[in-house]
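Here is how the chains run, residue by residue.
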Amino acid sequence: MQPEAVEMELRVNGSTEKVKVLPNQTLLEVLREKLGLTGVKEGCGEGACGACTVLVDGLPRRACLTLALEAEARPVVTVEGLGKRRGLSDLQEAFIEKGAIQCGFCTPGMLISAHHFLQQKENPSETEIRTQLGGHICRCTGYAKIVEAITFAALKLQEQKESSHAS
Ligand code: FES
Ligand code: FES
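Throughout what follows, the structure given in this document is the object of discussion. (Residues numbered from 1 in each chain as written. Chains lettered and ligands numbered in written order. Predicted model: local features only at pLDDT ≥ 70, side-chain atom pairs only at ≥ 80, totals over all residues. Heavy atoms only, no water.)

**A short note on the sheet that holds strand β1 (residues 6–12)**
Point 1. A sheet is described by the order of its strands in space; here five strands give the open sequence β2-β1-β5-β3-β4, paired in mixed fashion. If you trace the sheet from one side to the other, it starts and ends with β2 (15–21) and β4 (59–62), each paired once. Neighbouring strand axes in the sheet, compared pairwise and without regard to direction, differ in orientation by 40 degrees on average.
Point 2. Here β1 pairs with β2 via seven bridges, running antiparallel. Counterpart to R11 in the pairing with β2 is T16. (Pairing = 2+ DSSP bridges. Helix = DSSP H or I, 4+ residues; strand = E, 2+ residues; numbered from the N terminus. Axes fitted to C-alpha atoms, helices over the stretch in contact; angles between N-to-C directions.)

**Some thoughts on the nonpolar core**
Point 1. In this structure, L91, F95, M110, L118, L133, I146 and I150 are the most contacted members of the largest nonpolar core, which totals 23 residues.
Point 2. Elements with a minimum of two residues in this core: α2 (90–97), α3 (107–120) and α5 (144–166).
Point 3. With sequence-adjacent residues up to four places away left out, L118 is seen in contact with L91, P124, I150, A153, A154 and L157.
Point 4. Core analysis: the next-biggest nonpolar cluster, separate from the first, contains 19 residues, L27, V30, C52 and V54 among them. (Core = buried A, V, L, I, M, F, W, Y, C linked by side-chain atoms within 4.5 Å. Buried < 20%, exposed > 50% of the residue type's maximum accessible area, 1.4 Å probe, protein only. Contact = heavy atoms within 4.5 Å.)

**A short note on the side chain of H136**
Point 1. Tracing the backbone shows H136 in the loop between α4 (126–132) and α5.
Point 2. A polar side-chain atom of H136 sits 3.5 Å from the main-chain carbonyl oxygen of G50.
Point 3. Beyond its immediate sequence surroundings of up to four residues, H136 is in contact with C49, G50, T53, R62, G109, M110, S113 and Y143. (Polar contact = N/O pair within 3.5 Å; in protein donor to acceptor, adjacent residues only side chain to side chain.)

**Overview of the layout of surface pockets**
Point 1. The calculated volume of the largest pocket comes to roughly 300 Å³.
Point 2. Lining the largest pocket we find 16 residues, and of these H115, L118, Q119, A153 and L157 sit closest to its centre.
Point 3. Of all elements in the fold, only α2, α3 and α5 reach the threshold of two or more residues within the lining of the largest pocket.
Point 4. Looking at which element gives the most residues to the lining of the largest pocket, the answer is α5, with five residues.
Point 5. Of the residues in the lining of the largest pocket, the class split is six nonpolar, five polar and five charged.
Point 6. The space that makes up the second largest pocket amounts to roughly 180 Å³.
Point 7. As for the second largest pocket, its lining consists of C49, A51, C103, F105, C106, I137, C138, R139 and C140.
Point 8. For the lining of the second largest pocket, a count of residues per class yields eight nonpolar, no polar and one charged. (1 Å grid on protein atoms, 1.4 Å probe; cavity = no way out; pocket = protein on both sides within 12 Å on 5 of 7 lines; lining within 4 Å. Points joined across faces, edges and corners; volume = space filled by probe spheres on them. Nonpolar A, V, L, I, M, F, W, Y, C, P; charged D, E, K, R; others polar.)

**Digging into the pattern of salt bridges**
Point 1. What the rule picks out here adds up to six salt bridges.
Point 2. Linking K18 and E9 is a salt bridge whose minimum nitrogen-to-oxygen distance equals 3.2 Å.
Point 3. On the basis of relative accessibility, which here comes to 54%, the residue K18 falls in the exposed class.
Point 4. Linking K161 and E122 is a salt bridge whose minimum nitrogen-to-oxygen distance equals 2.8 Å. (Salt bridge = Lys/Arg side-chain N within 4 Å of Asp/Glu carboxyl O.)

See the structure below:
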């Protein structure tokens, strides 16, 4: 027998949405199919590739392994919520500027993880950046440009902090 759908509230990218979900439905399915947030990608569907990474309560989570109901009333951020009010975030710009995107399938998950990482870590070393990318698979870029983009974004963030302290 099919389980019954229940209504829940999802707080995604600053908006609250009421959706009906099945108890066994993943956050990934609900974000993509009910809310149209197709920036969240399904790669492996089993927690191995990182393409579906979103923030839940400020922490990176694999949306393919998270039940939608687990995210009830907790803030969720997808790649669609990373940009500034008008346009892309500095990190997103850095990915473009450094050529860190080819097919782009891994990019949303990489951006979410890197965004979280740069909030925790100022001036990360290359090794630290590579370590934090450990749970993400990119089949196109060879990772070097992604590391370069994150390094560049970290420098930019640092400069912005210094100039805001100086002013
Ligand atoms: S689709 Fe979730 S980790 Fe691969
Ligand atoms: S850019 Fe294609 S998988 Fe990473």
